[in-house]
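# Inside the fold
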Amino acid sequence: MATTTTTKTETLVGKRIRRREDPRLITGTATYVDDIQMPGMHHACIVRSPHGAAKIRSINIKPALDFPGVAAVFTGRDTEKVGPVPCGASLPGLRVPHHHILAIDRVYYIGHPVAVVVATDRYVARDAAEAIEVEYEPLPAVTDPEKALAPGAPAVHPEWPDNVAFNYHQDGGDIEKAFKEAEVVLKQRITSQRLIPTSMETRGVVAEWHPGDRALTLYSSTQVPHLVRTLVAQMLGLEENRLRAVAPEVGGGFGSKIQIYAEEALMGFVAMKIGKPVKWIESRRESFQCTIHGRGHVDYYEIAAKRDGTVLGIKLKLIQDIGAFHELLTPVIPTLSVLMMPGLYSCQNIRADIVGVFTNCMATDAYRGAGRPEATHGIERMMDVLAAELKMDPAELRRKNFISNEAFPYATATGLLYDSGNYAAPLDKALELADYKKLREDQKKARAEGRLMGIGLSTYGEICAIGPSPATPAGGWESATVKIEPSGTVTVMTGVSPHGQGEETTFAQIAADELGVGLDDVLVAHGDTAVVQYGIGTFGSRATAIGGTAMYFAIQELKEKIKKYGAMMLETEDVSFADGACIDNKTGKSVSLKQIAGAAYRALKLPPNTEPGLVATYFWEPPNFTFPFGAHIVVTEVEKETGAIEIKRYVAVDDCGKIINPLIVEGQVHGGVVQGLGQALWEQAVYDDNGQLVTGELMDYAVPRAANIPWIETGHTVTPSPVNPLGVKGVGEAGTIGASPAVVNSVVDALSPLGVRHIDMPMTPEKIWNLIQQGGKA
Amino acid sequence: MTRTITLTLNGKKRTDTVEPRLLLIHYLRETAGLTGPHIGCETSLCGACTVHVDGKAIKSCTMFAVQADGREVLTIEGLAANGKLDPMQEAFWNEHALQCGFCTPGMIMTAKQIVERNPNPTDEEIRDGIEGNLCRCTGYQHIVKAVRAAAAAKA
């Protein structure tokens, strides 16, 4: 049985390995929600409010019921007993309006669901939905959070006429002293506009009711299938173990699919009522109106500093546009901004006041970065405002205030413990890649020629691996089950729910290295609550740092069991496990993992106190977040005649800890940066004063297209995280967080000869042209 | 009121009876069972539904199935031959030109046309060529690299 030859497998972690999920995606054979077909499947179409605010006087569903093929129509009166759309936040004094899955007598925002039509055919469902007559009494709406706070503003919820959803206050250090001792105090209003996440796949749900088993299967385009199971079961009054939630192939989320949406419960309700499978696929227009939006900040910053550039204190008054209702995490998001307020700087005095404001708009919630881009935009803009005031080089100002390498782990004024950092390293690398000195010389020449050239940078940090359970509404751990099958192949079942991030590849790289098997011997399963043990999901740059670590520890448990079988088979007590085999340390004889797996399942003989089989499950609770960081440098030129901004160079240096797959990390950085560019330059959700969503289609909402995008030059430094044994930090949101301030800083720098100190996003050519025309005065 | 149409779909002739208002994308996905092309906007702005009709890349969400009568339609499913990926598919895989994959079938069909029309496109020409196809994940850079690589592989 034992052999003396073992082959050393090549280490896979750290390699540019092309993704294992791609063959199905490039051949069109993947299964997204809308690709699911079932016998007898019906289609749902939802009737939605055309008003920002209105009373519902009456709903006449009869014309819809008369359409051949229509199986049922339901309104808010029918679904009244279904539990409310859940809000997972628990801030003191938080006002949580009851969020029915269908409106009952009042609508609060454009697209608010009012009725659902179910028909045998997608086209018939839409026709019939058009025929439903809803009589509305329009009410005054308010869509601007600052206007909503003004006395006499229309009340979004009549029971709370001040439109305040919550107030939140946080202090750190001695802010009064800091401002008293300051030699310079600067104030700036900075907005972070409402954005629409716009994953390429809209949301969608297929619900299938099995009456014999009293069981519901819900296929949903979600980032959190297990939370869908728990919370939708609660809403529907089903036992949790009677609901199977499946996230099939998911076409992007960016935070907009972490929520538990009305339509998920509604489709379950419909399927249970009609006894047939039902499908609802969100149209793009619905997606813009009814999938969460991101950002929506008006921030008032004050920064106190000494003339030598030392930052002493930061104050922030944060007005968060909530929308009409809370989705799962809505009120939590701005509190993340407060945590991240001091950025990478050793300032120990902060004060933050958040006011969450109801408006007649879709809820804001987590969108790529979720609170951290807003905070980073704020502090990085303020650092440039300060640098301009002190006539210091912005890179030098940052360097002066960086938390020093010796200070880690570093306790911030906001209550975080930064795990590890070397903040000068990515800045130095970015300055070198960009050839910063030469750029500044080029800029002098350009200015002498009357050209508007700008150089902007951001040095950003973020909170990743979200997060320890006490810091999250739903548990912040993650789970993994690792099985060595009887034939020796490896199945990993992870509680995370990847939707483009590539964990079927990166997790397999880690598992293959740990177990000494080939990449193709490992299968990574996820996203089906009937297959995978309970898990949390994919968001907050947490999958590898927490889910990967859970898998790592499950494998370590398995290794102990493997060694017991190895020792028994080799008839020795001194064994080690390496390169996919157990080796007798004395004789060098070995048995392969495949042989061990066969023996463990055949179970003719068992090691003492050992069960048959090779399966381990591990739930890992992280002791802390991780804190990646980096530096971006952007070179722009503004065309005076048109206000058009051209990005000449984009340099992004990221430190996300240890890198499992550089190809995938690069992809995450590129995609993140471009979403940040989108916010800086083009994207903005615009509601008019009546609550109409003016940017309601891709024609009006400007997501980045290929021709608008500069080449992104990337670099990395590696500062491993001590929080987890993989040393990883997370990279999904980094690009977005670093990008918007770097771009705005660059354009402000370009226009600084005109006296421009700040520009709000998006920096459209019109806005820039107007600034130039007015000699820099906004 | 229905119409009968006959077309060549991924090299095979087929005949179906369809409603005149049936969109080509719904015909492909639901009648013919080819769910590779996706619906991202229904307004021809995102390109996820891109297929070739008589050799030209078109957005199948704004074309009726009856308009494909008598024509040749090629979808992502028709690219790989005898288990061998098309060079463009291979290039997308090698260069990590996709993440969530939802835009990918349409993006590949558009990318193929770019190289068919211009065997040696510059980066700028590639970017202009895929401007009608949105991708929210990749930031496009790896897609540009993939199209470049596929063009080079054919040269």
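Criteria and thresholds
- Once a new chain begins, its residue numbering starts again from 1 and follows that chain's sequence as written.
- Lettering for chains starts from A, numbering for ligands starts from 1, and both go in the order in which the items are written.
- Under the rules for a predicted model, residues below a pLDDT of 70 receive no local features and side-chain atom pairs below 80 are neither given nor counted, while totals for whole chains, interfaces and linings still include all residues.
- Only DSSP runs of H or I covering at least 4 residues are called helices, and only runs of E covering at least 2 are called strands; the numbering of each starts at the N terminus.
- Here the globule rule is a power law, 2.2 Å times the number of residues to the power 0.38, and the radius of gyration is based on C-alpha atoms.
- Think of it as a crowd count around each C-beta: if 20 or more other C-beta atoms lie within 10 Å the residue is buried, if 12 or fewer it is exposed, and in between it is partly exposed, with C-beta placed from the backbone throughout.
- Residues are scored as being in contact if the C-beta atoms we place from backbone atoms lie within 7 Å.
- If DSSP finds at least two bridges between two strands, the strands pair.
- By the criterion used throughout, a crossover qualifies as right-handed when its path from the first strand across the helix to the second strand runs clockwise, the strands pointing away from the viewer.
- To obtain each axis, a line is fitted to C-alpha atoms, and for helices this fit is confined to the stretch in contact; angles are then taken between N-to-C directions over 0 to 180 degrees.
- What marks off one domain from the next here is an automatic or database domain assignment.
- Residues were grouped as follows: Ala, Val, Leu, Ile, Met, Phe, Trp, Tyr, Cys and Pro as nonpolar; Asp, Glu, Lys and Arg as charged; and all remaining residues, including Gly, as polar.
- Here the arc refers to the directions that run from the helix axis out to each C-beta atom.
- In these notes the angle categories are as follows: under 35 degrees is roughly parallel, over 145 is roughly antiparallel, 65 to 115 is roughly perpendicular, and the rest is oblique.
- Each helix crossing is assigned a hand: it is left-handed if the near helix lies turned anticlockwise from the far helix by less than a right angle, otherwise right-handed if that turn is clockwise.
- The term nonpolar core means buried Ala, Val, Leu, Ile, Met, Phe, Trp, Tyr and Cys residues held together as one set by C-beta atoms within 7 Å.
- Per-residue confidence from the prediction method is given by pLDDT, with values spanning 0 to 100.

### As for the overall build of chain A
Along chain A, the regular secondary structure elements total 19 helices and 28 strands. Expected size for 778 residues packed as a compact globule is a radius of gyration near 28 Å; at 28 Å, chain A falls within 12% of this value. Over its C-alpha atoms, taken along the principal directions, chain A stretches across nearly 85 × 75 × 45 Å. Across the 778 residues that make up chain A, the buried fraction comes to 58%. Considering only contacts in chain A between residues 6 or more positions apart, those separated by 24 or more positions represent 80%.

### Let's talk about the overall build of chain B
Per the secondary structure count, chain B includes 5 helices and 5 strands. With the C-alpha coordinates of chain B rotated into their principal frame, the extents come out at 50 × 30 × 25 Å. Residues counted as buried form 54% of the 155 residues belonging to chain B. If you take every contact in chain B between residues at least 6 apart in sequence, the share linking residues at least 24 apart comes to 59%.

### Section: the environment of S58 of chain A
Residue and element names in this part refer to chain A. Counting through the fold element by element, S58 comes out in strand β2 (residues 54-60). Note on S58: 8 C-beta atoms within 10 Å, which makes it exposed. As for S58 and A150, which are separated by 92 residues in sequence, their C-alpha atoms are 32 Å apart.

### Examining the pairing of strand β10 (residues 215-220) of chain A
All names here are of chain A. Most of β10 sits out of view: 5 of its 6 residues are buried. With 6 bridges connecting them, strand β9 (residues 204-210) and β10 associate as antiparallel partners. Across the sheet, residue V206 finds its bridge partner in β10, namely Y219. Where β9 hands over to β10, the hairpin turn is made up of 4 residues, of which R214 adopts a positive phi near 50°. Sheet topology places β10 next to strand β11 (residues 243-246); 4 bridges connect them, and they run parallel. The residue bridging L216 from the neighbouring strand is L243, located in β11. Viewed along the sheet, the connection from β10 through helix α6 (residues 225-236) into β11 turns out right-handed.

### Topic: the sheet that holds strand β24 (residues 590-592) of chain A
Residues and elements named next belong to chain A. Spatially, the 3 strands line up as an open sheet ordered β22-β23-β24, and their pairing is antiparallel. The open sheet has two free edges, formed respectively by β22 (575-578) and β24, since each of these has just one partner strand. Ignoring which end each strand starts from, the neighbouring axes of this sheet average 20° apart. With 4 bridges joining them, β22 and strand β23 (residues 581-584) adopt antiparallel strand pairing. Its bridge partner being in β23, S576 is matched across the sheet by I583. Lying on the sheet, helix α15 (residues 543-570) is in contact with β22, β23 and β24; it crosses β22 at an angle near 125°. Across the sheet, helix α16 (residues 593-602) lies against β23 and β24, angled at about 70° from β24, the strand it touches most.

### Let's talk about the domain arrangement of chain B
Residue and element names in this part refer to chain B. Splitting chain B by domain gives domain 1 (3-78) and domain 2 (87-154). Here the C-alpha centre of domain 2 lies 21 Å away from the C-alpha centre of domain 1. Contact residues are listed per partner, giving 13 residues for domain 1 and 11 residues for domain 2. Looking at the side of domain 1 that touches domain 2 element by element, the count peaks at 3 residues for strand β3 (residues 50-53).

### A short note on the domain arrangement of chain A
Residue and element names in this part refer to chain A. Along its sequence, chain A is carved into domain 1 (22-29 + 468-620) and domain 2 (419-462 + 626-778). Look at where the C-alpha atoms of domain 1 and domain 2 centre, and you get two points 40 Å apart. Every contact between the two is made by 13 residues of domain 1 and, on the other side, 13 residues of domain 2. Taken together, the elements giving at least two residues each to the side of domain 1 that touches domain 2 come down to α14 (503-515) and α15.

### With respect to the interface of chain A and chain B
By a frequent convention, interface size equals the accessible area lost on bringing the separate parts together. Between chain A and chain B, the contact holds 40 residues from the first and 42 residues from the second. Counting residues per element, the ones that place at least two in the side of chain A that touches chain B are α1 (22-26) and α17 (662-681) of chain A. Here the element with the most residues in the side of chain A that touches chain B is α17 of chain A; it accounts for 7 residues. Partitioning the side of chain A that touches chain B into residue classes produces 18 nonpolar, 12 polar and 10 charged.

### Observations regarding helix α3 (residues 122-131) of chain A
Residue and element names in this part refer to chain A. Within α3, the full set of buried residues consists of V124, A125, A128 and A129. Buried residues of α3, seen end-on, are gathered within an arc of 135° and therefore sit on one face of the element. Buried residues along α3 sit against β1 (42-48), α2 (62-65), β3 (70-75) and β5 (113-119).

### Description of the packing of helix α2 (residues 87-94) of chain B against helix α5 (residues 141-154) of chain B
All names here are of chain B. One way to put it is that α2 packs onto α5 with a least axis distance of 8 Å and a crossing angle of 135°. For the element pair α2 / α5, the angle class is oblique. Between α2 and α5 lies a crossing of right-handed hand. Seen from α2, the contacting residues are P87, M88, A91, F92 and N94; seen from α5, they are A146, A149, A150, A153 and K154. When the residues that make up the contact of α2 with α5 are grouped by side-chain class, the tally is 8 nonpolar, 1 polar and 1 charged.

### Here we look at unusual backbone geometry
Of note, the bond from F408 of chain A into P409 of chain A is cis; its omega dihedral lies within 30 degrees of zero at -5°. You can see P409 of chain A is positioned in the loop between α11 (394-401) and β16 (410-411). Going from I466 of chain A to G467 of chain A, the amide bond is cis rather than trans, its omega being -20°. In this structure, G467 of chain A sits in the loop between β18 (452-461) and β19 (478-484). Residue N163 of chain A is not a glycine yet carries a positive backbone phi of 65°. Its identity as a non-glycine residue notwithstanding, N82 of chain B has a phi of 50°, on the positive side. A tally of 4 C-beta atoms within 10 Å means that N82 of chain B is categorised as exposed.

### What about helix α9 (residues 332-339) of chain A?
Residues spaced three or four apart along an α-helix face the same direction, because each turn holds 3.6 residues. All names here are of chain A. In terms of residue burial, α9 counts as a mostly covered element, since 7 of its 8 residues are buried. Every buried residue of α9 is accounted for by V332, I333, P334, T335, L336, S337 and V338. As for α9, its buried residues are in contact with β7 (164-172), β14 (311-323), β15 (350-358) and α10 (372-390).

### Concerning the nonpolar core
Residue and element names in this part refer to chain A. Membership of the largest hydrophobic core comes to 305 residues, with the highest contact counts inside it found for A44, V117, V270, A511 and M551. If you tally residues by element for this core, the top one is α15, at 13 residues. Apart from residues no more than four positions distant in its own chain, V117 is found in contact with A44, C45, V47, A64, V70, V73, A125, A128, A129 and I132.

### Focus on the confidence of the model for chain B
Overall, the predicted model of chain B reaches an average pLDDT of 97, with 99% of residues at or above 70. Scored as a whole, the predicted complex attains pTM 0.97, and scored at its interfaces, ipTM 0.98.

### A word on the pairing of β14 of chain A
Residue and element names in this part refer to chain A. Taken across its 13 residues, β14 has 12 buried, putting it largely inside the fold. Sheet topology note: the strand β13 (residues 297-305)/β14 ladder contains 9 bridges and is antiparallel. Bridging from a neighbouring strand, A305 pairs with V311 of β14. The hairpin formed by β13 and β14 contains 5 residues between the paired strands, and G309 there has a positive phi angle of roughly 105°. In terms of strand pairing, β14 meets β15 through 9 bridges, oriented parallel.

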